[in-house]
There are 2 protein chains.
Amino acid sequence: MKKEKLIRAALSDGSCELVLKNANIINVFTGEITQGDIAVSNGIIVGIGKYRGKKEIDIKGKYVAPGFINAHVHVESSMSMPEIYSMEELRQGTTTIITDPHEIANVGGMTAIAEILKAADRAAVNYFVMLPSCVPATSFEHSGAELDARQLSYFKNDPHVLGLGEMMNAVGVLALDKDILEKLDTFSEMIIDGHNPLGTGNELNAYITAGIHTDHESISYNEAIEKLRAGLAVLVREGSASKNLEAIMKGIIKNNIDTTNLAFCTDDKHLADICKDGTILYCIKKSVQLGLDPIKAVQIGTINAARIYGLKRIGAIGCGYHADMVVFDDLENFNIIDVYKDGVNIRDIPEPKNIRYNSSLLCPVNFAPLDEKAFDIPVKDQNAVIGIVDRQIITQKLFYTREQLEKGLSDGSVNKIAVVERHNATGFHGTGYISGYGNIHGAVASTVAHDSHNIVVIGDNDSDMIFACEQLRRIGGGYVIISDGNVIGELPLPLGGLMSLKPARELIPELDSVIRKAYNLGVNKNIDPFITLSFMALPVIPELRITDSGVFDVTKFEFIR
Amino acid sequence: MKKEKLIRAALSDGSCELVLKNANIINVFTGEITQGDIAVSNGIIVGIGKYRGKKEIDIKGKYVAPGFINAHVHVESSMSMPEIYSMEELRQGTTTIITDPHEIANVGGMTAIAEILKAADRAAVNYFVMLPSCVPATSFEHSGAELDARQLSYFKNDPHVLGLGEMMNAVGVLALDKDILEKLDTFSEMIIDGHNPLGTGNELNAYITAGIHTDHESISYNEAIEKLRAGLAVLVREGSASKNLEAIMKGIIKNNIDTTNLAFCTDDKHLADICKDGTILYCIKKSVQLGLDPIKAVQIGTINAARIYGLKRIGAIGCGYHADMVVFDDLENFNIIDVYKDGVNIRDIPEPKNIRYNSSLLCPVNFAPLDEKAFDIPVKDQNAVIGIVDRQIITQKLFYTREQLEKGLSDGSVNKIAVVERHNATGFHGTGYISGYGNIHGAVASTVAHDSHNIVVIGDNDSDMIFACEQLRRIGGGYVIISDGNVIGELPLPLGGLMSLKPARELIPELDSVIRKAYNLGVNKNIDPFITLSFMALPVIPELRITDSGVFDVTKFEFIR
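Residues numbered from 1 in each chain as written. Chains lettered and ligands numbered in written order. Predicted model: local features only at pLDDT ≥ 70, side-chain atom pairs only at ≥ 80, totals over all residues. Heavy atoms only, no water.

### Focus on the pairing of strand β10 (residues 191-194) of chain B
All names here are of chain B.
Step number 1: Residues I191 and D193 of β10 are buried on one face, and the alternating residues I192 and G194, pointing to the opposite face, are buried as well.
Step number 2: As defined by bridge partners, strand β9 (residues 161-167) adjoins β10 across three bridges and the pair is classed as parallel. Each residue of the ladder has a partner; that of M167, found in β10, is G194. (Buried < 20%, exposed > 50% of the residue type's maximum accessible area, 1.4 Å probe, protein only. Helix = DSSP H or I, 4+ residues; strand = E, 2+ residues; numbered from the N terminus. Pairing = 2+ DSSP bridges.)

Structure (structure tokens):
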């Protein structure tokens, strides 16, 4: 029996596989740094004190922290599959992630969730899942699935599942939407993540009272402290696009706020950024640079998240805890020397390979035939144009006269944009005009298109746009760049049309290359060619968007006909 | 639907039953004191901020803390039944208790646990139960029940049950006792309380690694800090007999130790002491007097315990939390002005009455007939004598010669003591000699006798001792004082022979009275007549004890024959 082995090892019968000798241990329980040996048996920390073991590593002078916890992440945003993503997190000291497979669930519904839970078994990190609460994200588009409370309930007892993922529909909660309340009730005994940007006052109170436990959308200290005071655990986010840590932590430090109900998260962070800086490691380092006590920073990145999510035996260097440990040089630079997952040095963990996914997730591009007139759109006296804003995710609602539009289309300042339903070949597609993407000749297209992940395609001619859609079908989803009927560049993302099957060292340069080719085609250098494109289809961010049902005015919550 | 009502109330539709206006709120999340209105609907805090309600109470200048949590208590030690006990805790600001019905389970086994879980439904506090792990406590006596892992497992899904109660058999854990490991495995996904006095070093590590989460036995700062560092939550105990708070908290404060993994508890506290000082209230006050930040003290007494035991929506003034609140005057004196349980002022909570318990728990005295020679014991050349020590729970192992013993018996410095199995009429009884109890003429007897709660009786003559046992049967258990065949005093404790059915205002004076009568009979004033007696039967505390199988040498772990 495993427990008997652990007890014997703890009693120092010499059976420990690994002993880290003379460690400076960051004790997240007492807030101290203590010295001692850390003894590991069967992947579990069985003792701290004086120990001998089969393998002893003297780390005198070095520090040991518990493995970090990324409290909220959408793995799909890395474009790498869970097994690959987990390895990159591990290398940066993260040994536990709490994920919401919201994107792939919009593509593949229950099958996608089941596949992710299988992947969680294979992942090298502790891979926990919050079940996507908002599939589809809106009713203004056609996603690949609709998940109701009943469907979600079937996953409740999976050991990876901690509760319900971010409830993005705060308006629906306050409006007592029946389906939403049913989901909240279904998960009332588990953790329910929130998503309430700029939530405040009595509406925030009502949202929390409905049963929400966490929020990761605060962008300022004032927003964060109000949410903390009202009872939400605040997940401080530092991703690739949303960087909220400095604003929040400066206020926390200045006002000497209790940090117990804070955790760190990335939400969405690109793989290249993760490989360069890490995720929670970066949050800890940055907080310390801002003046936070290093032990407190480590607590936020470890035990706090474990407590908030009710994770047992994770997040501390303590007896009976998973031997998830980060060895590093000092409390300023936090340079990682070694990472251990369940007592195994991650250098000894094999790279994931030959990973099989259910075939239904690997045939992700299924749209109805597009004839040559599919993207025809009549020019009117007043024409709505989606105005891209440099370096922003919001767009402007523009109206061009017939003359302005024709001039824009001919000088290349205006392009066509279309969204094509690609999950169930329903034939839905919407077409509109867009400015600010750049003077391109050809088409750029993607199967990553928040949150329904239909095909979004932009171009200066219908023929290349249609060819781009067909090319996406041929490669099983991803990014493509087409010009005059030629494939200029492409990045296959066959797992749901969202994720690559390649290792990070191949994926990152391929992604760089396709982005470079898009700029060469003429895409505006003040935007990301594909990420900007992917957000044009999200009909919840002002002002204009496009879905497979047409151009949508977010400010009025209606389509422009 | 309740949730819809709560959301509407939080949105300030005016439906809140209660609003505490202008409160100084102790915010246990942020460690701040904030000002605002606290709005309550359906027993839940739905908002903090600006609110109107059907009933508004202006508490400007006063403070509001979350209701306190007593993290570990044996209700039986108060000699009042759960419903009565709960009311007294409530009056002192405690709205949640975590109990271990170890004593009554030793009497009534599964039936007793089921009855306590029913009582938990009726109790005015949030009444959580840790299932007794050590019934019987030892194999050197006969208790009323034996609870194995299988029996305990049937209670796992009761909503009051949080896990396994204090694992007192640390030796058994380290010796890999099969039955104990099975219990630990059965509850490995829940909370397991520890009990490891003076545990240290690798043996402590092994004990924790076996799956233990908490410990309430620390009597010094050094003991507490070692346990905290190793990963145990430390429940700082301040009861009637064991007063550990000052020693531990002084060190915590001096060394600026993180208090997150500390909670407060009483373990065993007498009802009169509770009515006078409170339980957790007393711990908070005393910690503040020792120099602890008052907000930290309140956190230890509220949210910390909730986090340690995984209690959701309890332990804070936050949206969606139970409206369990304590209103008090200032951060020095903590004089309680009002207590609210689920939004109801406890003055409006009716006193418990007409409470019915299963009849099997109310016929608790069932011993085999005792003939007049039952307590005969041969005088030998060397006679073991249990030596009571003033004001201590330990005893001395004494050996008297034939002459010394006869002299002692005649001058009253030595008495006879007997333990009579009283659960299943097995006929087991053990008799021995004891010194230090006082020069009494008659007998004192009790059905409270740790941990098997057989009858323990002491006296200067067999006839009164036998009469005392019979009188206990007649009154259904409790305390009796007999002299020359007359009942001098008695306190019925018919619920399992451990608890009274009377309210505190009657029970406390009756208890005072019977104690006074015992002293009048000649009991040594440096001991408690009944509590001292009750511990003479506990064969785990050095040096000599008596059980229903004879005099037991705890230092050698064997009976004296």
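Structure's up, so let's keep going.
### Observations concerning a negative patch on the surface
Residue and element names in this part refer to chain A.
Step number 1: Side chains of E146, D148, D177, D179 and E182 sit close together on the surface and give a patch of like negative charge.
Step number 2: Structurally, E182 can be placed in helix α6 (residues 178-186).
Step number 3: For E182, a relative accessible area of 40% translates into the label partly exposed. (Patch = residues over 30% accessible without salt bridge, like charges linked within 9 Å, V, L, I, M, F, W, Y side chains within 5 Å. Areas by Shrake-Rupley, 256 points an atom, 1.4 Å probe, with all protein chains shown as cover. Salt bridge = Lys/Arg side-chain N within 4 Å of Asp/Glu carboxyl O. Lys, Arg positive; Asp, Glu negative; His and termini not counted. Charge placed at Lys NZ, Arg CZ, Asp CG, Glu CD.)

### Points about empty space enclosed by the protein
Residues and elements named next belong to chain B.
Step number 1: Under the counting rule described, the total for this entry stands at six cavities of 30 Å³ or more.
Step number 2: In this model, the largest cavity occupies a volume close to 50 Å³.
Step number 3: In terms of lining, the largest cavity is formed by V73, H74, V75, E76, P82, T99, D100, P101, I116, Y127 and M499.
Step number 4: Here the residues of the lining of the largest cavity are counted per class, giving seven nonpolar, two polar and two charged. (1 Å grid on protein atoms, 1.4 Å probe; cavity = no way out; pocket = protein on both sides within 12 Å on 5 of 7 lines; lining within 4 Å. Points joined across faces, edges and corners; volume = space filled by probe spheres on them. Nonpolar A, V, L, I, M, F, W, Y, C, P; charged D, E, K, R; others polar.)

### A closer look at the interface of chain B and chain A
Step number 1: Residue-level contacts link 58 residues of chain B with 58 residues of chain A.
Step number 2: Around 4,600 Å² of area is buried between chain B and chain A when both sides are counted, 56% of it from carbon and sulfur atoms.
Step number 3: Those elements that place two or more of their residues in the side of chain B that touches chain A are α1 (2-10), β2 (32-41), β3 (44-49), α5 (170-174), α6 (178-186), α7 (201-209) and α8 (221-230) of chain B.
Step number 4: Here the residues of the side of chain B that touches chain A are counted per class, giving 27 nonpolar, 18 polar and 13 charged. (Contact = heavy atoms within 4.5 Å. Buried area = accessible area lost by both parts, 1.4 Å probe.)

### Description of the sheet that holds strand β25 (residues 544-547) of chain A
Residue and element names in this part refer to chain A.
Step number 1: Reading across the sheet, the three strands line up as β25-β26-β27 and stay open at both edges, with antiparallel pairing between neighbours. Every interior strand has two partners, whereas the edge strands, β25 and β27 (558-559), have only one.
Step number 2: Taken together, the two bridges between strand β26 (residues 550-553) and β27 define a ladder with antiparallel strand orientation. By the bridge assignment for β27, F552 is matched with F559.

### Concerning unusual backbone geometry
Step number 1: Looking along the chain, the bond that leaves H450 of chain A and enters D451 of chain A is cis, with omega of -15°.
Step number 2: Take D451 of chain A: it is sitting in the loop between β21 (443-446) and β22 (455-459).
Step number 3: Cis rather than trans, the peptide bond between V135 of chain B and P136 of chain B has omega equal to 0°.
Step number 4: With respect to the secondary-structure elements, P136 of chain B resides in the loop between β8 (126-131) and α4 (149-153).
Step number 5: A positive phi is found at F557 of chain A, a non-glycine position, where the angle reads about 55°.
Step number 6: Here F557 of chain A lies in the loop between β26 and β27.
Step number 7: Take F557 of chain A: its relative accessible area is 51%, and that puts it in the exposed class.

### Section: the relation of the copies chain B and chain A
Step number 1: The operation relating chain B to chain A is a screw motion whose rotation component is 180°, with 0.0 Å of axial translation and a residual RMSD of 0.1 Å. Taken together, the rotation and translation describe the operation of a two-fold axis. (Least-squares fit on C-alpha atoms with pLDDT ≥ 70 in both.)

### Quick notes on the environment of M325 of chain A
All names here are of chain A.
Step number 1: Here M325 shows up in strand β14 (residues 325-328).
Step number 2: We classify M325 as buried; its relative accessible area is 0%.
Step number 3: Between the alpha carbons of M325 and G93 there is a distance of 7.7 Å; along the sequence they are 232 residues apart.

### Topic: the pattern of salt bridges
Step number 1: Throughout the structure, instances matching the rule amount to 47 salt bridges over all chains.
Step number 2: Salt bridges here are not isolated pairs; linked through shared partners, they connect E238, E246, K250 and K286 of chain A.

### Points about the sheet that holds strand β25 (residues 544-547) of chain B
Sheet strands pair by backbone hydrogen bonding; their relative direction is either parallel or antiparallel.
Step number 1: Strands sit in the order β25-β26-β27 (chain B) across an open sheet of three strands; the sheet is antiparallel. Each edge of the open sheet carries a strand with a single partner, namely β25 and β27 (558-559) of chain B.

### Here's the deal with the packing of α7 of chain B against α8 of chain B
Residue and element names in this part refer to chain B.
Step number 1: Look at α7 against α8: their axes get within 10 Å of each other, and the N-to-C directions meet at 50°. Here α7 lies oblique to α8, going by the angle between them. Between α7 and α8 the crossing geometry is right-handed. Only E226, K227 and A230 of α8 make contact with α7, whose side of the interface consists of G201, L204, N205 and I208.
Step number 2: For the contact of α7 with α8, the class distribution of residues is three nonpolar, two polar and two charged. (Axes fitted to C-alpha atoms, helices over the stretch in contact; angles between N-to-C directions. Parallel < 35°, antiparallel > 145°, perpendicular 65-115°, else oblique. Left-handed = near helix turned anticlockwise from the far one by under 90°.)

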